[in-house]
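# What the coordinates show
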Amino acid sequence: MHISGKRIRKDAFARRVMLVLTCAISSLILLIALGLFLKSRFILSGVSPIELFLSDKWHPTEGHFGFMPFIIGTIWVTSVAMILAAPAALFSAIYLAEYAPGKLRDNVKPILDVLAGISPVIFGVFGVLIIVPWVKDYIKPFAQGYLGFIPFLRSDNFTGYSVIAAGIVLALMVFPVITQVSEEVIRSQPQELRDSSLALGATKWETIKYVVLRRARPGIIAAMILGLSRAFGETIAVLMVIGCVAHIPHSIFDAAYTLPALIANNYGEMMSIPLYDSALLLAALILLVVTVLFNIVAWLILLKVEREYV
Amino acid sequence: MKNIIISLLIASFLSISGGSALAQNQEFKGTITLSGAWAIYPTAVAWADAFQKKYPKVRIDVSAGGAGKGAADAITGLVDIGMVSREPDPSEISKGITSVYILHDAVFPVINDKNPALEQLMKKGISRQEFIDFWILGLITTWDQIAGVKVSKPLHLYTRSDSCGAASSWAGYLGKKQEDLKGIGVYGDPGLLETVKKDSLGIGYNNFSYVFTREGQLVSGVRLLPIDSNENGKVDPDEIYASREEAIKAIRSHRYPATRKNYFFVKGKPEGLIKEFIRFALSEEGTKIVDEVGASLSVPEPDREEILKGFY
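Residue positions are counted from 1 within each chain, in the order its sequence is given. For naming, the first written chain is A and the first written ligand is 1, with later ones following in the order written. For this predicted model, a pLDDT threshold of at least 70 governs which residues receive local features, and a threshold of 80 or more governs which side-chain atom pairs are given and counted, while totals over whole chains, interfaces and linings are taken from all residues.

## Details of the overall build of chain B
Put simply, the rule is: Helix numbering and strand numbering both begin at the N terminus, where a helix is a DSSP run of H or I of at least 4 residues and a strand a DSSP run of E of at least 2. Each residue is classed by its C-beta neighbour count within 10 Å, where at least 20 other C-beta atoms makes it buried, 12 or fewer makes it exposed, and intermediate counts make it partly exposed; the C-beta atoms are placed from backbone geometry.
Each helix and strand counted, chain B has 14 helices and 9 strands in total. By principal-axis analysis of the C-alpha atoms, chain B measures approximately 100 × 45 × 30 Å. Per-residue burial over chain B gives 44% buried out of 312 residues.

## Details of the interface of chain A and chain B
The condition that has to hold: Our contact criterion uses C-beta atoms placed from the backbone: two residues qualify when those atoms are within 7 Å. Residue type decides the class: Asp, Glu, Lys and Arg count as charged, Ala, Val, Leu, Ile, Met, Phe, Trp, Tyr, Cys and Pro as nonpolar, and the leftover types, Gly among them, as polar.
Contact residues are listed per partner, giving 22 residues for chain A and 22 residues for chain B. Broken down by element, the side of chain A that touches chain B gets its largest block of residues, 5 residues, from helix 10 (residues 259–270) of chain A. When grouped by side-chain class, the residues that make up the side of chain A that touches chain B number 13 nonpolar, 8 polar and 1 charged.

## Here we look at the packing of helix 4 (residues 102–117) of chain A against helix 6 (residues 163–187) of chain A
Residues and elements named next belong to chain A. Threshold: Convention adopted: a line fitted to C-alpha atoms gives each axis, helices being fitted over their contacting stretch, and angles between N-to-C directions are expressed from 0 to 180 degrees. In this scheme, roughly parallel covers angles under 35 degrees and roughly antiparallel covers those over 145, while 65 to 115 is roughly perpendicular and the rest are oblique. The sense of a crossing depends on the near helix, which, turned anticlockwise from the far helix by less than a right angle, makes the crossing left-handed and, turned clockwise, makes it right-handed.
Where helix 4 contacts helix 6, the two axes come as close as 8 Å, and the packing angle between them is 135°. By the criterion of interaxial angle, the relationship of helix 4 to helix 6 is oblique. The way helix 4 lies across helix 6 gives a crossing that is left-handed. The segment helix 4 lies against helix 6, with Leu 112, Leu 115 and Ala 116 engaging Pro 176, Val 177, Thr 179 and Gln 180. Taken together, the residues of the contact of helix 4 with helix 6 sort by class into 5 nonpolar, 2 polar and no charged.

## A few points about the nonpolar core
Rules: Think of a nonpolar core as buried Ala, Val, Leu, Ile, Met, Phe, Trp, Tyr and Cys residues, each tied to the set through C-beta atoms within 7 Å. Source of the domain bounds: an automatic or database domain assignment.
Residues Leu 170, Val 241, Ile 242 and Ala 283 of chain A are the most contacted members of the largest nonpolar core, which totals 170 residues. Examining the composition of this core, we find that 16 residues originate from one element, helix 6 of chain A, more than from any other. For this core, the two domains that each supply at least three residues are domain 1 (8–104 + 261–311) and domain 2 (106–259) of chain B.

## Notes on helix 13 (residues 284–293) of chain B
All names here are of chain B. Rule in force here: To be clear, the arc concerns the directions from the helix axis to the C-beta atoms.
Within the sequence span of helix 13, burial applies to Gly 286, Ile 289 and Val 290. An end-on view of helix 13 places all buried positions within 105° of arc, on one side of the element. In helix 13, those exposed residues whose orientation departs by more than 90 degrees from the buried face are Glu 284, Lys 288, Asp 291 and Glu 292.

## Regarding the pairing of strand 7 (residues 202–207) of chain B
Residues and elements named next belong to chain B. Note the threshold: What makes two strands pair is DSSP finding at least two bridges between them.
With 6 of 6 residues buried, strand 7 lies mostly within the body of the structure. Of the pairings in the sheet, the one linking strand 4 (residues 97–112) to strand 7 comprises 5 bridges and is antiparallel in character. Within strand 7, the position partnered with Phe 108 by the bridge is Asn 206. Examined bridge by bridge, strand 5 (residues 156–160) and strand 7 share 2 bridges and lie parallel to one another. Bridging from a neighbouring strand, Leu 157 pairs with Ile 203 of strand 7.

## So, the domain arrangement of chain B
All names here are of chain B. Taken domain by domain, chain B comprises domain 1 (8–104 + 261–311) and domain 2 (106–259). Domain 1 and domain 2 are separated by 33 Å when their C-alpha centres are compared. If you look at the interface, domain 1 gives 11 residues, while domain 2 gives 10 residues.

## Observations regarding the environment of Gly 216 of chain B
Residues and elements named next belong to chain B. Relative to the assigned elements, Gly 216 resides in the loop between helix 10 (208–211) and strand 8 (222–224). You can call Gly 216 partly exposed: it has 14 C-beta atoms within 10 Å. Distance from Gly 216 to Ala 242, taken between C-alpha atoms, is 9.0 Å for residues 26 residues apart in sequence. If near-sequence neighbours (up to four positions away) are discounted, Gly 216 is found in contact with Ser 243, Arg 244 and Glu 245.

## Observations concerning the pairing of strand 9 (residues 259–267) of chain B
All names here are of chain B. The buried fraction of strand 9 amounts to 8 of the 9 residues, a majority that puts the element mostly inside the structure. Strand direction decides the pairing type here: strand 3 (residues 81–84) and strand 9, joined by 4 bridges, are antiparallel. Residue pairing in the sheet places Gly 82 in a bridge with Phe 265 of strand 9. Strand direction decides the pairing type here: strand 4 and strand 9, joined by 9 bridges, are antiparallel. By the bridge assignment, Ala 106 is partnered in strand 9 with Thr 259.

## Section: the environment of Leu 155 of chain B
All names here are of chain B. With respect to the helices, strands and loops of the structure, Leu 155 is situated in the loop between helix 7 (143–147) and strand 5. Using a count of 22 C-beta atoms within 10 Å as the deciding quantity, one classes Leu 155 as buried. With 155 residues separating them along the chain, Leu 155 and Gly 310 place their C-alpha atoms 47 Å apart. When neighbours within four sequence positions are excluded, Leu 155 is seen to be in contact with Phe 134, Ile 140, Thr 141, Thr 142, Trp 143, Leu 201 and Ile 203.

## So, unusual backbone geometry
In this structure, Cys 244 of chain A is a non-glycine residue whose phi angle is positive, near 45°. As for its placement among the helices and strands, Cys 244 of chain A is situated in the loop between helix 9 (236–241) and helix 10. Located in the positive-phi region is Glu 231 of chain B, a residue other than glycine, with phi close to 55°. By the element assignment, Glu 231 of chain B lies in the loop between strand 8 and helix 11 (244–252).

## Considering the packing of helix 2 (residues 41–54) of chain B against helix 13 of chain B
Residues and elements named next belong to chain B. It is at 9 Å that the axes of helix 2 and helix 13 come closest, and there the two elements cross at 135°. Taken together, the axes of helix 2 and helix 13 lie oblique to each other. Note that helix 2 runs across helix 13; the crossing there is right-handed. Here helix 2 contributes Pro 42, Thr 43, Ala 46, Trp 47 and Ala 50 to the contact with helix 13, which in turn contributes Gly 286, Ile 289, Val 290 and Val 293. Class assignment for the residues of the contact of helix 2 with helix 13 results in 7 nonpolar, 2 polar and no charged.

As structure tokens, this is what we get:
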């Protein structure tokens, strides 16, 4: 009796410790947000939000803090990455889930795991050594030679350091993430659905397109959003290939600048100068809010999927 | 009896030597922490090693992380000494920071050694105004305009993407700030050097320590673009630097214009152990260490005396 009482107390104690740990970790995000907000209040009170978000003038030492080039640059790069990665990842996921023989799937999935786990700086180095020269010597001359009439393909940037180079590198990074999650989602669809569709005379592709994908759609969208938020927040790989020029890009071959790159490039050197420090932390706050929003949307979709089907 | 005398002698000898060691160590005992600029880091580590060897009871921790981190750490009192590779900002000084000029550095404009106008450039050099015309104002866009010969090639302008001492001092030489420098931003000193090495039409700038090899020769694939600092329209022999030795001579004699000062930031007035460490860094011995490390230049003699005088 005595021993069992001790065991029960132990159990209750362990449960409480775990609860506290879980709460502490969950509240970290709020603490980070609060800390960033407190630090960025300084610039928010000194510079009007209109200038902060709508001006393209970035001259911190003269007191001009326009985040526009960085926000637009981030959107450009993320968009290019998603346009390149999303279709490829979706089709790979369909192939792996529906067509690929078990053995092939077993071999490819670890490769995707490795790709997803490679340190971003390695992608950055790969970008500098391979993608940037490739963009400069092949993609850009080709695009401008044959497609130069399209405005967003024209640029006077002579190097390969550009939105497109960053987009390609990012696409390579988010591709495995989107593929993995989408594949899981597609494969988790009940086999009975496929069987009934096939029994009604649909081809395999028709079954995938009208039955499996229709049902898997919310999950796939969530996978895309997860990829998107990874692309949005990626720092070092983008920083190394984007050219870091603080102006609004007009072409995918222009150099640009992203919010994460802005913070990484300057924080270590400028954190002792109050206004500059505050501006960089505001950039961090914007990033955090956007990433959290992305994740909440993805989470809500996945929650809906679970409620409807499980 | 004999044994006792001997053991007494040994004991007394031990106590004397122990006592004197104690006396010396009592004076300098404790920990000094430093953090900050990458440019100062290697030299500071070498100073720390030598200082700890001299005073075994002293511990020195040096960490790198950027000039701003060094400054912020010194302001908040997280470290004793912040290493800052740029001019102090007024907002930093107003927080009670004493900046001590501790090292010297120089930034060189670098071009590819296959530049089509190389020969003319090495003869003619570039004036400060011409640098301003393309790096700040964006008026010059081809090598023709600088070299004065027809090569019909565009100028590929690069700069550093990360905030750093090299960029701020190069911009400072051109009368501006880093954020005013035009060009494609490349991360880090080695990154920028590598980019110019690969682009025959490229021009960038690098810290003194990155353009020379360990043996003191210019790294292969690039040239230092001569600055026509006396603006006589041609390059004088002492405006061309092919080796570290020549560059050092030009910097020392104030012939070379694009140099910068590196600082130690100390909260309040340096005292005790920190003062001793700074004095060591600026001593003959410390100067020798700077030269051995080769990452920066030591503070010139007259300035050194001036700084030390300010302490006492």
